[in-house]
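Chain and residue survey
Chain residues, written in single-letter form:
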Amino acid sequence: MSEVEYVELARVETERGDLVLRERRGEDAPSALELRANGVFVMDTVEIGSERALASAALELVAEPRVVLVGGLGLGYTMHEVLADHRVERCVVVEIESALVDWMRDGTVPHGPGVMADGRVEVVVADVAVALTEARPSSYDLVLLDVDNGPGYLVHDANAALYRDPFLATARAAVRPGGALVVWSASASPDLQAALERVFGAVEAIAHQVRLQERDEHYWLYVARVER
Ligand SMILES: C[S@@+](CC[C@H](N)C(=O)[O-])C[C@H]1O[C@@H](n2cnc3c(N)ncnc32)[C@H](O)[C@@H]1O
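The notes below deal with the structure included here. Computed from a prediction, not measured in an experiment: that's the story for all the values here.

What follows is about the site of the ligand. Close to the ligand lie 21 residues, the nearest being Leu75, Thr78, Glu95, Val128 and Asp146. At a separation of 3.1 Å, an oxygen atom of the ligand approaches a polar backbone atom of Gly74. Contact between the ligand and Asn159: a nitrogen atom at 2.9 Å from a side-chain N or O atom of the residue. The protein chains hide 97% of the 600 Å² of surface that the ligand would expose on its own. Within the residue set of the shell around the ligand, elements represented by two or more residues are strand E4 (40-44), helix H2 (77-83) and strand E6 (90-95). Looking at the shell around the ligand, its residues break down into eleven nonpolar, five polar and five charged.

Structure follows, in structure tokens:
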């Protein structure tokens with residue numbers, strides 16, 4: 001195996017800990033960007049299929065997904081997939097780290113400016129828990145949540161509440177009848193599934209195969225629909 005080298009591109013200290021963007025370079029692999037928060041790996045630009053699938057699985061459920069909320073900008077892949085759908089008229093992206101929004105806009109993340117320039121994007125710098133609590137009922141056709149690694153392996157302890165009944169009920173109220181909430185998780189979570197079933201009724205768990213450190217693993221999407 002070749003040596004891996006890391007080059008730090010940007011770093012900021014936030015009230016939630018360090019947020020770091022770095023480039024990973026190795027002889028055997030093309031270079032990749034990595035985002036870390038609070039000392040924990042958040043995502044990279046290599047394994048992005050599940051971030052895209054979060055959007056595509058949701059978009060195929062709804063005939064007219066005009067207004068979509070994406071919780072967690074990250075490196076913009078879920079948002080990009082949403083914007084690739086011409087039925088979408090507005091994409092509200094809620095991101096807690098203002099620095100990350102800046103890095104996407106100013107080209108620190110090289111693919112960022114192109115994605116952020118779409119006129120349908122509205123960026124809200126906030127905790128998604130607050131943004132959805134303040135949302136009017138039935139504001140969104142789809143709510144897509146990928147703000148943490150899932151309930152089993154949190155980057156920020158405060159996000160635990162996002163996977164429990166009270167917040168899920170808040171999110172449900174923001175979804176229009178006929179729409180859906182989809183939640184990304186790095187591991188299977190029977191507790192999350194049960195909470196979603198209590199709040200929404202039926203829930204579909206979709207396993208998304210990923211290749212991580214030369215092993216086949218799964219990320220999970222939990223799809224909860226709001227009946228008409
Ligand atoms: C795994 S990344 C999202 C990846 C994204 N789906 C993509 O395609 O690039 C998680 C993002 O959620 C943000 N985040 C974490 N907690 C949050 C919260 N409570 N509200 C809003 N954003 C949050 C993080 O700063 C990070 O940008």
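On we go.
This part takes up the packing of aromatic side chains. A full pass over the atoms with the stated rule returns two aromatic pairs. Arranged with centres 6.4 Å apart and planes meeting at 20°, the rings of Trp220 and Tyr222 form a pair that is stacked. A relative accessible area of 2% means that Tyr222 is categorised as buried. Directly above the aromatic system of Tyr6 lies the positively charged group of Arg22, at a separation of 3.7 Å from the ring centroid. Above the face of the Phe200 ring, Arg172 is positioned so that its terminal group lies 5.7 Å from the ring centre.

With nine of eleven residues buried, strand E9 (residues 175-185) lies mostly within the body of the structure. Pairing of strand E8 (residues 140-145) with E9 involves five bridges; the strand directions are parallel. Following the sheet pairing, Leu142 is matched in E9 by Ala180. With helix H6 (residues 165-173) bridging E8 and its parallel neighbour E9, the resulting β-α-β unit is right-handed. The sheet contact formed by E9 and strand E11 (residues 215-225) spans six bridges and is antiparallel. From the neighbouring strand, Ser185 faces E11, where its bridge partner is Trp220.

Calculation criteria
- Residues numbered from 1 in each chain as written.
- Predicted model: local features only at pLDDT ≥ 70, side-chain atom pairs only at ≥ 80, totals over all residues.
- Heavy atoms only, no water.
- Near = heavy atom within 4 Å.
- Polar contact = N/O pair within 3.5 Å; in protein donor to acceptor, adjacent residues only side chain to side chain.
- Areas by Shrake-Rupley, 256 points an atom, 1.4 Å probe, with all protein chains shown as cover.
- Helix = DSSP H or I, 4+ residues; strand = E, 2+ residues; numbered from the N terminus.
- Nonpolar A, V, L, I, M, F, W, Y, C, P; charged D, E, K, R; others polar.
- Phe/Tyr/Trp six-rings, centres within 6.5 Å; stacked < 30°, edge-to-face > 60°.
- Buried < 20%, exposed > 50% of the residue type's maximum accessible area, 1.4 Å probe, protein only.
- Lys NZ or Arg CZ within 6 Å of the ring centre and 35° of its normal.
- Pairing = 2+ DSSP bridges.
- Right-handed = clockwise from strand over helix to strand, strands pointing away.

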